[in-house]
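Survey of secondary and tertiary structure
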Amino acid sequence: MSRSQNEEFQQWWNKQRNRDHDGGDDEAFLTVEIRTPAVDPTDKDRIRTRTLRQLSRLYLLRLKQLASSSVWIASSFLHLLRTANRRIANDNPPSSTSSARLYRLIKAFLVLVVLLLCFELAAYFKGWHFTPPSVASAEAAVEVAYAWWLEIRASYLAPPLQSLTNVCIVLFLIQSVDRLVLVLGCFWIKLRRIKPVAAMEYPAKPVGEGIRLEDYPMVLVQIPMCNEKEVYQQSIGAVCMLDWPKERMLIQILDDSSELDVQVLIKAEVQKWQQRGVRIVYRHRLIRTGYKAGNLKAAMNCEYVKDYEFVAIFDADFQPPAEFLKKTVPHFKGREDLALVQTRWAFVNKDENLLTRLQNINLSFHFEVEQQVNGVFINFFGFNGTAGVWRIKALEDCGGWLERTTVEDMDIAVRAHLCGWKFIYLNDVKCLCELPESYEAYKKQQYRWHSGPMQLFRLCFMDILRSKVSVGKKANMIFLFFLLRKLILPFYSFTLFCVILPLTMFFPEANLPSWVVCYIPGIMSILNIIPAPRSFPFIVPYLLFENTMSVTKFGAMISGLFKFGSSYEWVVTKKLGRSSEADLIAYAESGSLVESTNIQRSSSDSGLTELSKLGAAKKAGKTKRNRLYRTEIALAFILLAASVRSLLSAQGIHFYFLLFQGLTFVIVGLDLIGEQVS
């Protein structure tokens, strides 16, 4: 309101007030008179000049911010283009046969989608989207072709696509119900505070003199490793400091390393702990067949193994707490049918980058919900391959370690369950370990984790049917453990969101409801993220990334199911050794197992010769670099083309989902999500 308008309003208000008072109104009311001070005409110009100066400064500040933002966006875009160009130039074609076959199929699908998009764009600009031509009324050749396309699409192509869509929706709903039941089971466990209770407890104080050795069973500890020079020292150190009588424990370092320098380093580390009185032995196979299963099988064939009752297994990057055996072994007391005590993983590098944060969400749900619910209600789950204690009698009873698959841990767990053995999961006992920080390492790990179960399902299906366990346990193992969670999940994830959804944009007669695209996946993502509430801000990247990983999991599942050669390939997941020696020292001091001076010395006397060899090995090793993933890039173009087509049809939710999912495929395809190597 201007000054003149304000003065006019004040005069009107004063007249109304005087009139009301003169009229004899009995109700008095409080009024506040506002007067605008008179401004000298010369001051008006000065105020106006000051205001213009302030506005000009404000606009200049806004312009500067806009310019800096534009420069940042432009530089980031140029950096992205340079990175993409560099990775495209250094790209290598897919090495495995199954990956190359899947890439060729997706590339053909991309060509089809691009042709359909060009056809639809031409029809849109001709106005045929609003008034579709018929074969009888069409005149031009292109118009006739489009009319025939509409009839073929509606009569012959859309119905089978809609049928496939309905099947995938049903599978999606079944898997969502399974996920919901698991979450409800976890809530019930938390509400009733259900957890395994051991028949006995060891004293919390460190093992020392005056204890009864008979109370401590003989335990064999195994650490299988292969060329893992970044993490061997911390894992060996953590296991050597387990709080257990040294006379009742033997540590086996099962080294399958092919690099001579790594063998020398591991031998030196073993000798260092031997000099400190730890019962630890170094084993190296000359014929390294069977990967990890062959390594463990050879170790269990040693003559002295018959003197031990239990075996604890740790991968090379795991650091068990000092009280690990004290918290796990007591659960075997009085339970002769118990084969396995599995503990939870905890990750030292879960906040290292976006990739590790997303992995933490998945694995937190796996341990907090899946393993815990299955352990409490049916006493069966898949052995995680590490951070667990086995009864050696159970291993021998089910046939020991077999080399027939790349998931030897799941294989032996299934066979032990079919023999009637039971498992226990301890959610409150955690072992520190490391997540893969590069997308390449994570992709290879997930490929092995999803191809192996399909190999195993083919091999043990008849054994499950012939086993003596109850019908309910057979049904759980076949339909839930294998089919639903290992086969159906990657199948519908890839088919529904990477194939059917783009096709429904070009075949609008086949409908994929919005609640399937957006709402149900959102709810499932919220359920998945409950065990890791700090990761809630990453719920949207998690949903998009899981859909992106579906192509890898689908390819692995098909490879394992149909015995493609790459399904039998074992690639060690490379770790970086994020847990430093200082962390290990502090951890040991808190356990009060040995004197502080001895631990400090043990962490630093590895020897200059060994350290120099390690440095030379690192320099001479293969140069790390980020890669370009052609399959993901091809799928990105498919989804982005489908998003353009959905924009022509004004399908809001489908457009945004396809757009952001396509961009996620671009980010992953350019290897921008994990560790970046300059």
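Okay, so let's go over this structure.

About the cut-offs
- Residues numbered from 1 in each chain as written.
- Predicted model: local features only at pLDDT ≥ 70, side-chain atom pairs only at ≥ 80, totals over all residues.
- Heavy atoms only, no water.
- Salt bridge = Lys/Arg side-chain N within 4 Å of Asp/Glu carboxyl O.
- Helix = DSSP H or I, 4+ residues; strand = E, 2+ residues; numbered from the N terminus.
- Buried < 20%, exposed > 50% of the residue type's maximum accessible area, 1.4 Å probe, protein only.
- Pairing = 2+ DSSP bridges.
- Right-handed = clockwise from strand over helix to strand, strands pointing away.
- Patch = residues over 30% accessible without salt bridge, like charges linked within 9 Å, V, L, I, M, F, W, Y side chains within 5 Å.
- Areas by Shrake-Rupley, 256 points an atom, 1.4 Å probe, with all protein chains shown as cover.
- Axes fitted to C-alpha atoms, helices over the stretch in contact; angles between N-to-C directions.
- Contact = heavy atoms within 4.5 Å.
- Disulfide = S-S within 2.5 Å.
- Parallel < 35°, antiparallel > 145°, perpendicular 65-115°, else oblique.

1. Concerning the pattern of salt bridges
For the structure shown, the criterion picks out 24 salt bridges. Arginine 485 is paired through a salt bridge with aspartate 178; the nearest N and O atoms lie 2.9 Å apart. With arginine 485 in helix 13 (residues 471-506) and aspartate 178 in helix 4 (residues 141-192), the pair connects residues that are 307 residues apart, well separated along the chain. For the pair arginine 485 and aspartate 178, a shared accessibility class is recorded, and that class is buried. The partner of arginine 466 in a salt bridge is aspartate 463, with the nearest N and O atoms 3.1 Å apart.

2. Re the pairing of strand 1 (residues 219-225)
With seven of seven residues buried, strand 1 lies mostly within the body of the structure. On strand 1, burial covers both faces: Val219, Val221, Ile223 and Met225 on one face and Leu220, Gln222 and Pro224 on the other are all buried. As paired strands, strand 1 and strand 2 (residues 249-255) are joined by seven bridges and run parallel to one another. Residue pairing for strand 2: proline 224 is matched across the bridge by leucine 254. Handedness of the crossover joining strand 1 and strand 2 through helix 5 (residues 232-240) is recorded here as right-handed. Summarising the sheet, strand 1 and strand 4 (residues 310-313) pair through four bridges and their orientation is parallel. Its bridge partner lying in strand 4, valine 221 is registered against alanine 312.

3. Quick notes on the pairing of strand 5 (residues 338-347)
Counting buried residues along strand 5, 10 of its 10 residues qualify, which places the element largely inside the surrounding structure. In this sheet, strand 7 (residues 422-433) lies alongside strand 5 in parallel orientation, the contact comprising nine bridges. Residue pairing for strand 7: arginine 344 is matched across the bridge by lysine 430. As paired elements, strand 5 and strand 6 (residues 388-391) share three bridges and run antiparallel to each other. What sits directly across from glutamine 342, in strand 6, is glycine 388.

4. So, a nonpolar patch on the surface
Among the surface-exposed residues, Leu180, Leu184, Phe187, Ile526, Ile530 and Phe536 lie close enough to one another that they form a single nonpolar patch of about 550 Å² accessible area. Top contributing element to the nonpolar patch by residue count: helix 4, with three residues. Mapped onto the secondary structure, phenylalanine 536 falls in the loop between helix 14 (514-529) and helix 15 (539-561).

5. What about the sheet that holds strand 4?
The strand order 3-2-1-4-6-5-7 describes an open sheet built from seven strands, whose pairing is mixed. The sheet is open, and its two edges are formed by strand 3 (280-284) and strand 7, each paired on a single side. Between one strand axis and the next, the sheet turns by 20° as a mean value, whatever way the strands run. Taken strand by strand, helix 7 (residues 291-300) contacts strand 1, strand 2 and strand 3, and its axis lies near 145° from that of strand 1.

6. A look at the state of the cysteines
Considering all chains together, one arrives at zero disulfides under this definition. Cysteine 398 provides the cysteine sulfur closest to cysteine 419, a residue in no disulfide bond, and the two sulfurs are 5.8 Å apart.

7. A closer look at the packing of helix 4 against helix 9 (residues 354-377)
Two elements in contact, helix 4 and helix 9, have axes separated by 9 Å at closest approach and are oriented at 75°. Regarding the angle of helix 4 to helix 9, the classification is roughly perpendicular. Contact with helix 4, carried on its side by Arg179, Leu182, Val183, Gly185, Cys186, Trp188, Ile189 and Lys190, involves Phe365, Glu368, Val369, Glu370, Gln372, Val373, Asn374, Val376 and Phe377 of helix 9 and no other residues of that element.

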